[in-house]
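Structure at a glance
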Amino acid sequence: MATFTRNQSPASCQGGAARTPLFCISICIVQHTIYSQTAAGSGRPSRMFGLAVIGMSCLKLLLLPAYRSTDFEVHRNWLAVTHSLPLDRWYVDQTSPWTLDYPPLFAWFEFLLAKVAQFFDAAMLDVNNLNYASPMTVLFQRLSVIVTDLVFAYGCKVCGEEVGRVGGMGGGAARKGAVVAATASLGPAVGLVLLTSPGLLLVDHIHFQYNGFLFGLLFISIARMLQRREIESAFWFSILLNLKHIYLYLAPAYFIYLLRSYVLLGPFPARADKPQTSRLAQLLRLVKLGVVVGMVFSLSFGPFIMRGQLLQVLARLFPFRRGLCHAYWAPNFWALYNFADKMLVVVGGRLGWQVAKQGVASMTGGLVQEFSHTVLPSVPPVATLIATALSIVPGLVVLWRSPHSPWQFIRMLMLCGFGSFMFGWHVHEKAILMVLLPLGLLCLLRKGEAQVFMFLSIVGHFSLFPLLFTPQETPIKVTALVLHALFTVQVLRAQWGQPLLHAIENLYLLGLVPLFLLLELGLGRLGLGEGLPFLPLMLVSVYCALGVTYSWLKLTYLVIGSAWKFKKKTS
């Protein structure tokens, strides 16, 4: 959608420097209070969670004047497009370079927001008023994210309650009573670990997006699946898909689980007086599920299909001309592939190889564009599709063989998101949140998953730091990450004891410190010269890609390996 660039207007950062110390002090006070009271188990969980939501909302208000990326103008333009233009122009208009490229339901979401925005500043709804950012415009757009974040808060609450309710029994293995009791008591704490995600704080309330609202819908869908309310789960996920199509990454897990555990086998637990595996019963459940999902998609895409614009909408949603990687490489397999290509160029030049110079610097030029690799084979979209499919198929097989196991569903949901992040086409660095947040729901169920969550949470959130490059935001992102990491350690140690991480993992995490100094100070201030301005970004991407790849391999082994071992024992 928006490009990554370090050439933002200083106007977008005015007022931020003066409030940075205030925010850092406030975040320390509020989050320390939330974390300490939760860890101590004081008060009723629901009351404590409500106070935490209020406290986090107040913190977000302090970020109103903070830096904002081009995504701020993207969403302002979408407000203007949906408010000022007729429906048949929404996916055609090119007045702004930031054209509407989200599914139709999100366009209607912007349409509704615009109805309120006109009372703040009607000028923001003029499609020709490009890069408009009056104080009232900033106030409205920031407040719209804070208010819609209440959906995320509700999703965290219901999922946290489900974690506490199962007492760690998901996944099929019996556990000792003391551990079950501990898991039940720490369930609300998991909700707070998710609620206070530093990634969402940085991406939504500084950089600017609506990810919290969308993840809230995902958590509601997951909670309904855990409650064995499959139709409701499918309904909420269908709405989510029609708000942001990146969640297609997770669709295979939904498809397999609903087909196997709902359509073919019927709801759990089965009733003796109602046979569920007859062809008629299966057909009726399939029709019921299809009607619910089809209704959502019809309401979303129907008006554009009637106007003959379906292909135009799809062309906006899937722009493969953007290239393999985003301007700042997401820390995945392709970041390592790109780096290997560049290293081969350097080595080849020293060894006298005939290396084409065209396109050598294109991958680190800071622009979103198509490019070709120099030594290694260039990667077409179909190759990323095949690689992604191969990475998720083993998990889907395990899910098929684990009917009526909603916690296994969450594991495979997370692995689908992880495989897509690792091997997908033009993956944004922010997509790591699609792995971290569902993984957080599992951190009290198995120690191995808790260890991966702890490690990946630090690496994944650190990989988002380049999105916020203005100096006044540096203390904010560091404070948010450190406090969240400390609370996560506290929660996980209460469940699993010590140590949480291996020595090599701790050593890797220590390596983030000099990398952070390089990123924030730059080569010039460290006396390393002014050349290669994008080298710090590339190093952050590659170093984090090593940690993310390690986490993916370890998690895949833990989830799929344990499932196969359990199957052998019971067969």
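The rules we used
- Residues numbered from 1 in each chain as written.
- Predicted model: local features only at pLDDT ≥ 70, side-chain atom pairs only at ≥ 80, totals over all residues.
- Heavy atoms only, no water.
- Helix = DSSP H or I, 4+ residues; strand = E, 2+ residues; numbered from the N terminus.
- Buried < 20%, exposed > 50% of the residue type's maximum accessible area, 1.4 Å probe, protein only.
- Contact = heavy atoms within 4.5 Å.
- Areas by Shrake-Rupley, 256 points an atom, 1.4 Å probe, with all protein chains shown as cover.
- Patch = residues over 30% accessible without salt bridge, like charges linked within 9 Å, V, L, I, M, F, W, Y side chains within 5 Å.
- Salt bridge = Lys/Arg side-chain N within 4 Å of Asp/Glu carboxyl O.
- Axes fitted to C-alpha atoms, helices over the stretch in contact; angles between N-to-C directions.
- Parallel < 35°, antiparallel > 145°, perpendicular 65-115°, else oblique.
- Nonpolar A, V, L, I, M, F, W, Y, C, P; charged D, E, K, R; others polar.
- pLDDT = per-residue confidence, 0-100.
- Polar contact = N/O pair within 3.5 Å; in protein donor to acceptor, adjacent residues only side chain to side chain.
- Core = buried A, V, L, I, M, F, W, Y, C linked by side-chain atoms within 4.5 Å.
- Phe/Tyr/Trp six-rings, centres within 6.5 Å; stacked < 30°, edge-to-face > 60°.

Here we take up the overall build of the chain. The secondary structure content of the chain amounts to 21 helices and 0 strands. The buried share among the 571 residues of the chain stands at 57%. Contacts in the chain between residues at least 24 apart in sequence constitute 78% of all its contacts with a sequence separation of at least 6. As presented, the chain carries roughly 23,600 Å² of accessible surface, and 68% of it is formed by carbon and sulfur atoms.

Taken together, the side chains of Leu248, Ile305, Leu310, Leu311, Leu314 and Phe318 make up a nonpolar region of the molecular surface, amounting to roughly 530 Å² of accessible area. Sorting elements by how many residues they give to the nonpolar patch places helix α12 (residues 310-317) first, with 3 residues. On the secondary structure map, Leu311 appears in helix α12.

This part takes up the packing of helix α10 (residues 251-264) against helix α11 (residues 279-306). It is at 9 Å that the axes of α10 and α11 come closest, and there the two elements cross at 130°. Here α10 is positioned oblique relative to α11, judged by the angle of their axes. For the pair formed by α10 and α11, the contact residues are Leu258, Tyr262, Val263 and Leu264 on the first element and Gln282, Arg285, Leu286, Lys288 and Leu289 on the second. Within the contact of α10 with α11, the residues separate by chemical class into 6 nonpolar, 1 polar and 2 charged.

Here the focus is the confidence of the model for the chain. Per-residue confidence for the chain gives a mean pLDDT of 84, with 80% of residues at or over 70. Of all secondary-structure elements in the chain, the lowest mean pLDDT belongs to helix α1 (residues 16-40), at 59, while helix α9 (residues 230-241) reaches the highest, 97. Under a pLDDT of 50 for its full length, residues 1-18 has, in the predicted model, 51 contacts with residues more than four places off or in other chains. Every residue in residues 364-369 scores below 50 in pLDDT, and together they form 18 contacts with partners more than four places removed in sequence or on other chains.

Further remarks concern unusual backbone geometry. In this structure, the amide linkage connecting Gln498 to the following residue, Pro499, adopts the cis form with an omega of -10°. Mapped onto the secondary structure, Pro499 falls in the loop between α18 (474-496) and α19 (503-510). A positive phi is found at Asn131, a non-glycine position, where the angle reads about 55°. In this fold, Asn131 is placed in the loop between α4 (104-117) and α5 (135-166). Given a relative accessible area of 61%, Asn131 falls into the exposed group.

Okay, the environment of Ser378 next. Its place among the elements puts Ser378 in the loop between α13 (333-350) and α14 (381-400). In this structure Ser378 comes out as partly exposed when scored by relative accessible area, which is 40%. Taking the C-alpha atoms as reference points, Ser378 and Asp341, 37 residues apart in sequence, are found 9.8 Å from one another. Dropping the residues within four chain positions of it, Ser378 is found in contact with Ser372 and His373. At 3.0 Å, the side chain of Ser378 and the backbone nitrogen of His373 are in polar contact.

Membership of the largest hydrophobic core comes to 169 residues, with the highest contact counts inside it found for Leu218, Ile222 and Tyr247. Ranked by the residues each element gives to this core, the list is headed by helix α15 (residues 406-423), at 12 residues. With residues near it in sequence (within four places) discarded, Ile222 still touches Cys159, Tyr254, Ile410, Leu413 and Leu441.

Of note, Leu515 is situated in helix α20 (residues 512-525). By relative accessible area, Leu515 is classed as buried at 10%. When sequence neighbours within four positions are dropped, the list of residues in contact with Leu515 reads Phe462, Leu539, Val540 and Tyr543.

It is worth spelling out the packing of aromatic side chains at this point. By the definition in use, this model includes 33 aromatic pairs. With a centroid separation of 5.4 Å and an interplanar angle of 45°, the aromatic rings of Phe455 and Tyr508 are classed as tilted. Taken together, the residues Phe455 in helix α17 (residues 447-462) and Tyr508 in helix α19 connect sequence positions 53 residues apart. Here Tyr508 falls in the buried class, since its relative accessible area comes to 13%.

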